[in-house]
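Geometric and topological summary
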Amino acid sequence: MVLFGALSFTLLSAAAALAQSDIPPEVGGEVVTPPGAGSGTDPGGIAFTGTDVTVWMVLVAVLLVFGVGFLVAGRRRARSART
């Protein structure tokens, strides 16, 4: 459970960082730019929507906290039922 939460947090943090990255991609030492970039015209391809992943990070964190809370409560109830 904790491992899944840590991996989810890492993945979502990296996605947010990479989405806002301005590092130009290089292939074989040559900078690669998308078609139409810098020409001032509409390239007509798939639009970049700029999805905000912060909402998803908060949702995952809230669900993780609730899940851990339910896990602890369930273990306490099971322990008290045995005695």
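Cut-offs used in this document
Here the residue numbers are simple positions, counted from 1 along each chain's written sequence. Owing to the predicted nature of the model, reporting of local features is limited to residues with pLDDT of at least 70; listing and counting of side-chain atom pairs is limited to 80 or more, with chain, interface and lining totals taken over all residues. Hydrogens and waters are ignored; side-chain quantities use all the structure's heavy atoms. Each helix is a run of DSSP H or I of at least 4 residues and each strand a run of E of at least 2, with the numbering of both proceeding from the N terminus. Buried, partly exposed and exposed residues are distinguished by accessible area as a fraction of the type maximum, computed with a 1.4 Å probe on protein chains only: under 20%, between the cut-offs, and over 50%, respectively. Think of it this way: a Phe, Tyr or Trp ring, Trp meaning its six-membered ring, pairs with another when their centres are within 6.5 Å, and the plane angle makes it stacked under 30 degrees, edge-to-face over 60, tilted otherwise. Within this analysis, patches are made of residues with over 30% relative accessible area and no salt bridge. Like charges are joined at 9 Å or less; nonpolar side chains (Val, Leu, Ile, Met, Phe, Trp, Tyr) at 5 Å or less. What sets the accessible areas is the Shrake-Rupley method with a 1.4 Å probe; for residues, cover comes only from the shown protein chains. The salt bridge definition used is simple: a Lys or Arg side-chain nitrogen within 4 Å of an Asp or Glu carboxyl oxygen. His is not counted, nor are the chain ends; Lys and Arg add positive charge and Asp and Glu add negative charge. Lysine's charge is taken at NZ, arginine's at CZ, aspartate's at CG and glutamate's at CD. Residue contacts are defined here by distance: any two heavy atoms, one from each residue, within 4.5 Å place the two residues in contact. By definition, pLDDT measures how confident the predictor is in each residue, and it falls between 0 and 100.

1. Notes on the overall build of the protein
Helix and strand content of the protein: 2 helices and 2 strands. Its helices and strands in sequence order give the protein the pattern α-β-β-α, from N to C terminus. A burial count over the protein gives 6% of its 83 residues as buried.

2. Notes on the packing of aromatic side chains
One pass over the full model with this rule turns up 1 aromatic pair. Note on Phe-66 and Phe-70: the rings are 6.4 Å apart at their centroids and 25° apart in plane angle, and the pair reads as stacked. Within this pair, Phe-66 and its partner Phe-70 are both found in helix α2 (residues 54-82), separated by 4 residues, close to a single helical turn. The pair Phe-66 / Phe-70 is uniform in exposure class, with both members exposed.

3. Observations concerning a positive patch on the surface
Together, Arg-75, Arg-76, Arg-79 and Arg-82 make up a region of like positive charge exposed at the surface. With respect to the helices, strands and loops of the structure, Arg-79 is situated in helix α2.

4. Points about the environment of Val-60
Secondary-structure assignment places Val-60 in helix α2. We classify Val-60 as partly exposed; its relative accessible area is 29%. When sequence neighbours within four positions are dropped, the list of residues in contact with Val-60 reads Ser-8 and Leu-12.

5. Concerning the confidence of the model for the protein
Predicted confidence across the protein gives a mean pLDDT of 74, with 61% of residues reaching 70 or more. Confidence scores differ between elements of the protein, with strand β1 (residues 26-27) showing the lowest mean pLDDT of 71 and α2 the highest of 88.

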